[in-house]
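As a plain string of letters, each chain reads:
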Amino acid sequence: MQLPKILVTGAAGRTGAVVITELLRAGYPVRALVRRQDERSAALQARGVEVAVGEMTDVKAVAAAMQGVQRAYWLPPSDPAMLTGAAVFVVAARQAKLESLVVLSQWLASPSHPALLTRQHWLADQIFAALPGISVTRVTPGFFADAPYLAPIGLAAHLGLFPWMFGDTLSAPPSVEDIGRVCAAALMDPERHAGQTYHPTGPALLSGEDMAAILGRVFARRVRAIPTPLPIYLRAVYLDGNPLVLLGSMGHYIEEHRRGAFALDAPNDHVQRVTGRMAESFETVARRLAVLPANRRSTANTVREFARFMLIPFVPMPSLARYMRALQVSAPAQPEYVAESAVWRAEHGLAPISAPGVANDFAPLILSAK
């Protein structure tokens, strides 16, 4: 029996690459939607993947990419036009009469969140949920182990430093591989996963000190968690080429972390339940990244990392406030972090808000989770 063809967006990205690998391994024909023809799309073609080229907001390009496809994976870009892309994807999915979709969303997704991207995630979820005749599975991770936590792994490897912005709170970050495997499993068995929402996490709640100790084992050296001011962190993220709209949301995500949002429903068994495999540990991810050439201990790598570390405070930053205003997207009249959001709490099975200062409801969960 011929397996159905599956469209994967964000194929050159982190989760998209894992989804493609899992689907190919299981024998599924795969079509990848990419923004441009380059060496990454050529590598996909060399693996037997069909490649369609087009922007996520291009109705004709997305509709053409869905011709002959039965299932699809939607990876939302960190882009102000995310909602336009979601609408285009839904229109094309209806026209192509797809049978199922897997949507990567966000743990924090809520309608009145101060972060624009998070409000857009929630609205995109509503658009997909209203899609008639097509089953939808949502995957809602929090922060990945790979990023932001291990994005500066070079500092740990070469200088023994682990930047930490999140205070005393904990999280159980999932690996990119586990997130991708959950998405792929849902694509391969849509009847089992139709209408489900999965929140993949890692296997253990960890503090910044815990993560630093793990990195110390990985690199066989002392690694210290160092409190890092938001402006310095944002300069490092900007230097890495991340989009401004993401930088404009990061301060709110850090605040959510400090309030304990990523300790809720963590750890859980969603990865094992969906994939049949235990969730990867933070140490497993760190060891996978540690063997990359840039993270191997050498004089040249240490000098390069030290030079970058010294450069970060002097990186010229555009005004994020001006950039966000220029998008001309009005902020909510009463912005709410997830602990304060009646909608988010109801959607996640938490008790209704009972009094002002409800963020403190998270404290027992944070303290008892260790």
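For clarity, every value in this text was computed on a predicted model and none was experimentally measured.

1. Observations concerning a nonpolar patch on the surface
Nonpolar side chains collect at one region of the surface, where Leu239, Leu311 and Phe314 lie side by side and expose about 310 Å² of accessible area between them. In this structure, Leu239 sits in helix α10 (residues 230-239).

2. Notes on the environment of Glu22
As for its position among the elements, Glu22 is in helix α1 (residues 14-25). Separated by 160 residues in the primary sequence, Glu22 and Val182 have C-alpha atoms spaced 9.9 Å apart. With residues up to four places along the chain from it excluded, the contact list for Glu22 reads Arg181, Ala184 and Met188.

3. Comments concerning the confidence of the model for the protein
Put simply, the protein has an average pLDDT of 93, and 95% of its residues get 70 or more. A low-confidence stretch, residues 357-370 (pLDDT under 50), is modelled with 25 contacts involving residues beyond four sequence positions or located in other chains.

4. As for the packing of helix α9 (residues 208-219) against helix α13 (residues 282-290)
Across the interface, α9 lies against α13 with an axial gap of 10 Å and an inter-helix angle of 45°. Of the possible angle classes, the one that applies to α9 and α13 is oblique. In this structure, α9 meets α13 at a crossing whose hand is right-handed. Contact residues: α9 offers Met211, Ile214, Leu215, Arg217, Val218 and Phe219, while α13 offers Phe282, Glu283, Ala286, Arg287 and Ala290.

5. Re the pattern of salt bridges
Scanning the model with the defined rule gives 19 salt bridges in all. For Asp125, the salt bridge identified is with Arg138, shortest N-O distance 2.8 Å. Here the residue Asp125 occupies a position in helix α5 (residues 116-129), and Arg138 occupies one in strand β6 (residues 135-139), the gap between them amounting to 13 residues. Asp125 sits in the buried class, given a relative accessible area of 6%. Here Asp178 ties to Arg181 by a salt bridge, and the two come within 3.1 Å at their closest N and O atoms.

6. Considerations on helix α7 (residues 176-188)
Between its first and last C-alpha, α7 extends 18 Å over 13 residues, near the 18 Å set by a 1.5 Å rise per residue. Counted residue by residue, α7 has 12 buried out of 13 residues, so it is predominantly covered. All of the buried residues along α7 are Val176, Glu177, Asp178, Ile179, Gly180, Arg181, Val182, Cys183, Ala184, Ala185, Ala186 and Leu187.

7. Examining the packing of aromatic side chains
Using the criterion set out here, one finds 11 aromatic pairs in the structure. Taking the centre distance of 5.3 Å and the plane angle of 85° together, the rings of Trp107 and Trp344 count as edge-to-face. Note that Trp107 is positioned in the loop between β5 (100-104) and α5 and Trp344 in helix α16 (residues 342-347), a separation of 237 residues in sequence. Residue Trp107 is classed as buried on the basis of its relative accessible area of 5%. Judged by its relative accessible area of 0%, Trp344 falls in the buried class. Measuring from ring centre to ring centre gives 5.9 Å for Tyr149 and Trp164, while their planes differ by 25°; the resulting arrangement is stacked. Taken together, the residues span a long stretch of sequence, with Tyr149 in the loop between β6 and α6 (153-159) and Trp164 in strand β7 (residues 161-164) at a distance of 15 residues. With relative accessibility at 8%, the residue Trp164 sits in the buried group. What links up through ring pairs into an aromatic cluster is the set Phe143, Tyr149, Phe162, Trp164, Phe166 and Phe262.

Criteria and cut-off values
Note on numbering: residues in each chain are counted from 1, in written sequence order. Totals for whole chains, interfaces and linings use all residues, but because this is a predicted model, local features are given only for residues with pLDDT of at least 70 and pairs of side-chain atoms are given and counted only at 80 or more. To get the side-chain values, take all heavy atoms of the structure and skip hydrogens and water. Surface patches are drawn from residues lacking salt bridges whose relative accessible area is over 30%; two like charges belong together within 9 Å, two nonpolar side chains (Val, Leu, Ile, Met, Phe, Trp, Tyr) within 5 Å. Reported accessibility uses the Shrake-Rupley method at a 1.4 Å probe radius. Residues are deemed covered only where the shown protein chains occlude them. Whenever Lys or Arg places a side-chain nitrogen within 4 Å of a carboxyl oxygen from Asp or Glu, that contact is recorded as a salt bridge. Counting from the N terminus, the helices are the DSSP runs of H or I reaching at least four residues and the strands are the DSSP runs of E reaching at least two. Residues count as neighbours in contact if any of their non-hydrogen atoms are within 4.5 Å of one another. pLDDT is a residue-level measure of predictor confidence that goes from 0 to 100. Each axis is a line fitted through C-alpha atoms, taken for helices only over the stretch in contact, and angles between the N-to-C directions span 0 to 180 degrees. An angle below 35 degrees is read as roughly parallel, one above 145 as roughly antiparallel, one from 65 to 115 as roughly perpendicular, and any other as oblique. With the far helix as reference, a near helix turned anticlockwise by less than a right angle produces a left-handed crossing, and one turned clockwise produces a right-handed crossing. Burial status follows relative accessibility: with a 1.4 Å probe on protein chains alone, a residue under 20% of its type maximum counts as buried, one over 50% as exposed, and anything between as partly exposed. Expected span, for any helix, means 1.5 Å times one less than how many residues it has. Each Phe, Tyr or Trp ring (for Trp, its six-membered ring) is paired with any other whose centre lies within 6.5 Å, and the angle between the two planes then decides the class: stacked below 30 degrees, edge-to-face above 60, tilted in between.

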